[in-house]
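# Breakdown of the fold
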Amino acid sequence: MKKKKILIVDDEDDILHFLELVLREKGYEVATASGGHEALTKAQLERPDLVLLDIMMPQMDGWEVLKLLRVDDGTRQIPVAMLSARTEAKDRVQGLQEGAIDYICKPFSLQELLGKIETIFSQVEDRGRAAR
Amino acid sequence: MRLRLNSLKTRTAVAIASVIVAILVVNAVYLILTKRAELRKQTEDQASKFALLTRDRIGSGYDTYDVKDFKFRRLIGEILSLNPDVDRIQIIDVDGRIRFDSTQMDETGSHGADDPPPRLVQDPQRLAAVKAVADSSIRGRDASGRETLEIVAPYREDWGRHTLSVAYRVNYRNLEPRLARLVYVTGGLSLASILLSVLIAVSLASRITKPLEVLTSGVKDIAEGHFDRRLSITSHDELEMLAETFNHMTGRLREHVEQLEESNKKLGAVNEELKELDRMKSDLLANVSHELRTPLTAIKGYTDYILERRLGAITEKQEKGLVVVQRNLERLSKTINALLDFSRMDVGRIALNLQPFALSPLLDQIVTGLRSELEKKGLKLTAEIERGLPPVIGDKEKLSAVLENLIINALKFTPEGGRITVSAKRVGTAARPSALIRVSDTGVGIAADQIAKIFNRFHQVDTSTTRRFGGVGLGLAIVKSILEAHGTTVTVESELGRGTTFGFVLPVLDRAEAAAAAPAASPARGREAVEEAPVLLAEAEPAKAQEPTV
C-alpha cells in the first residue's frame, strides 16, 4: 500500500517540526507549510492525502485556506482536519460546516491525534469504496 | 353630518327630539280634548237655552193643533231648524206615553182607530225625568251608537198644571266635522313641528359632539406621533377648556418624547461602544487562548514522545522527571481551560448548543477520566439513573463540565472509603417533563453559613486540595453560570461531617419526542439494561475494577 502523505500547515515552527517527527516515525510521508500561501502551493504540487490545518495564522488564516482548498478542483477532494487552540463549539461547528473532515483541539494527546488520522483515512477509503 | 346608530350624536339627537315630540304630542292631545269638551259644553248649554225658549211654544202648539196637522208639523220643523244640534223632539205625557215624535213626522195618516197606541217610555230614567217638574238631562246613545244628550223640559199650562214634557235630543254629530278639522290642523302643525324639532335635535347634538370628534381626531394624531397637532375649539365653555388642556399635554408629551429620543441616541452610542469593547475582549481572549495553548501543545507533544521512548532510551530517573512534567502540564492545561472558560462566561454571553443527549454515556466518560483518582482514594462512585429516563436537553459539552466539576468537588472533599452518588430521576409535569440530577457525597460537608459563598469566584476551602487536584476555585462559579444559562439553578444540601448533595433540574424530551428519538439516542451497545444498575464501581483494589461490557 502506498504511503499516505500528510501536509501539515502551522505557523509555529516547534509544532510543525514536532508533528513532522511524529508522523514520519509513524510511517506517513510528510510535507510542511508555515503559511497559507505556501500551503496552497504545496497542496497543489504534492497532492497530499490529508491536510492538518492550523487556524490562527498571520496573513491568511486557516478558514481562508480551507475555503480556497475546497474551491480549487485539484484540491477539493483532499480531506482537511482543523488543528486549533480555539475550542469553542462555534468554531468546531464552523469547521465542519465549511467542509473540514474533523476538528482537533490543541493541546492534543499524541494518541488522540494519531487515532483521528487513522480514522480519517479509513473513512475516506470507505467512502471511496462506496462510490465505486 | 353622519349618524351612526350607537353614537353619542345619535343618542343625544334622539333624546332631544323625543322630548320635543313628547311635548308637542301632549300639547296637541290636550288641545283637542279640551276643545272637544268645550264644544260639547257649548252645545249642551245652547240646547238647554233652546229648550227653555221653545218648550212653551211646542206645548201650546200641541194643545192647539192636532199632531198630524201640518201647522203643527211646520212649527216643529221651524223650531228644529233653529238648532241643528237637536235632532229629535218628543212630547211625552206624564204617564210616559209618547204623544209625538219628530222623527215619525213624515208618516201621514189620520187619527183614528187604526192608529197604533202611543208608545210607552221604557227607560226608567227618562220616565222619571218626564214626571219631574224641573229640567233634566240624560245621556244616552242613538241607534247608530253615537252619544246623545236628552233634555227633558216639563211644559206647564197657564194654570201650572204639568201634563206634558218636551224631550229634546241633542246629537253631537255636528261637532265632528269641526273636531276633525281641528285634529287635522293640529296634526299637521305638530308634524311640521316634529320635523323641525328633529332637525334642531340633530343640529344640537352635532354641536355637542363635534368638539368630541375634533378631540378624538387630535388624540389619534398624537398617538401616531404627530405631536404638532393642536386643537382649536372656540366654544368658550368646558370643551374649550378641554382642548386647551389637551394642547398643553401634547406640548409636554412632545418634550418628553424628544428627551427620550435623546437618551435613546446616547444609549445607542454607549451600546455601540460596549459592543466594540466586547469584540475587543473576544479577540484578546482568542489571542490569549492561542498563545497559551500553542506552547502547551509543543511541550505536551514532546514530553509524551520522549516518554514513549521515541527519541531514544531514557533512564528511570529521567522518566520519573518527565512524568512530573506531564502531570503538571495537565494541571496547567486544566487551569488555563478553566480561566478561559470563565473569561468567556464573564463576558455574559454563554451561547448554548442545546441538544438532547443521554446522561449515562456522558457520565461514563467523565467517570472513566477520573477513575485513577477515585481508585487512589478508595472511593465508590455509583450512578442511579432512573430507568427509561428520556434524554436531557441542554448543551452537552457544558453540562459535562458541570458534572465533572461537581464530581471532582465530591472527590476532593470525601475522605477515604467514602461514596459518591450521581442520580437522575424524572420530575416535573407532563407539560414540562424534567429530570432532577444530583451529585451526593459522604464527605466533610459544608457549614450552613458557607453554602452561599462556595459559588463565589476564586473561593477555596483550603489550598491543600488545590495542590492535589488543581483548580483555581472557579469550578462552582462556572457550574452556577452554566446552569443559570440553561435557565435553572443549583441547590445545595449539606451537613457538616455527613456529606453534601448538589442538585439541579433540566428539561427532558417528552415521551413522544423521546420515542421518536430513541433509535438515535441509544447507541448500538444497548444502554437500557445498564441504566438500572450502577454504572461503575471504583474499588480500592484496582484488580476488582470493572468496566461495563456488553
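Please refer to the structure placed before this passage.
So, here's what we can say about the structure.

About the criteria used
- Every chain is numbered on its own, with residues counted from 1 as its sequence reads.
- Just so you know, chain letters begin at A and ligand numbers begin at 1, following the order they were written in.
- Predicted model: local features are reported for residues with pLDDT of at least 70 only, side-chain atom pairs are reported and counted for 80 or more only, and whole-chain, interface and lining totals are derived from all residues.
- As a convention, hydrogens and water are excluded, and side-chain values are obtained from all of the structure's heavy atoms.
- The nonpolar core is taken to be a set of buried Ala, Val, Leu, Ile, Met, Phe, Trp, Tyr and Cys residues, with the residues joined through side-chain atoms within 4.5 Å.
- Whether a residue is buried, partly exposed or exposed follows from its accessible area with a 1.4 Å probe, protein chains only, as a fraction of its type maximum: under 20%, in between, or over 50%, in that order.
- A run of DSSP states H or I qualifies as a helix once it reaches four residues; a run of E qualifies as a strand once it reaches two. Both are numbered from the N-terminal end.
- Between two residues, a contact is recorded if the distance between any of their heavy atoms is within 4.5 Å.
- Stacked, edge-to-face and tilted are the three classes for Phe, Tyr and Trp ring pairs, Trp counted by its six-membered ring, which pair at centre distances within 6.5 Å; planes under 30 degrees apart are stacked, over 60 edge-to-face, the rest tilted.
- Both a distance and an angle decide whether a charge sits over a ring: NZ of Lys or CZ of Arg must be within 6 Å of the ring centre and within 35 degrees of the ring normal.

We now examine the nonpolar core. All names here are of chain B. Of all hydrophobic cores here, the largest spans 43 residues; its most connected members are Leu359, Leu403 and Phe502. Mapped onto this core, the elements with two or more residues apiece are α7 (359-377), β7 (380-385), α8 (396-413), β9 (419-428), β10 (433-441), α10 (475-485), β11 (490-495) and β12 (499-507). Ranked by the residues each element gives to this core, the list is headed by α8, at eight residues. In contact with Phe502, not counting residues within four places along its chain, are Leu406, Ile437, Arg438, Val439, Ile446, Ile454, Phe455, Leu476, Val490, Thr491 and Val492. One finds Leu39, Tyr62, Ile79 and Ile151 within the second-largest nonpolar core, a separate group that totals 28 residues.

Tracing the sequence through the fold places Arg293 of chain B in helix α5 (residues 238-307). For Arg293 of chain B, a relative accessible area of 3% translates into the label buried.

Once that is clear, we can look at the packing of aromatic side chains. Evaluated as defined, the whole model comprises six aromatic pairs over all chains. Judged by centre distance (5.0 Å) and plane angle (75°), the rings of Phe72 of chain B and Phe100 of chain B are edge-to-face. Here Phe100 of chain B lies in strand β2 (residues 98-101) and Phe72 of chain B lies in helix α2 (residues 70-82), a separation of 28 residues in the sequence. Each member of the pair, Phe72 of chain B together with Phe100 of chain B, is buried. One cation-aromatic arrangement involves Lys4 of chain A over Phe121 of chain A; the distance from NZ or CZ to the ring centre is 5.2 Å. Lying over the aromatic face of Tyr172 of chain B, Arg40 of chain B brings its terminal NZ or CZ to 4.2 Å of the ring centre.

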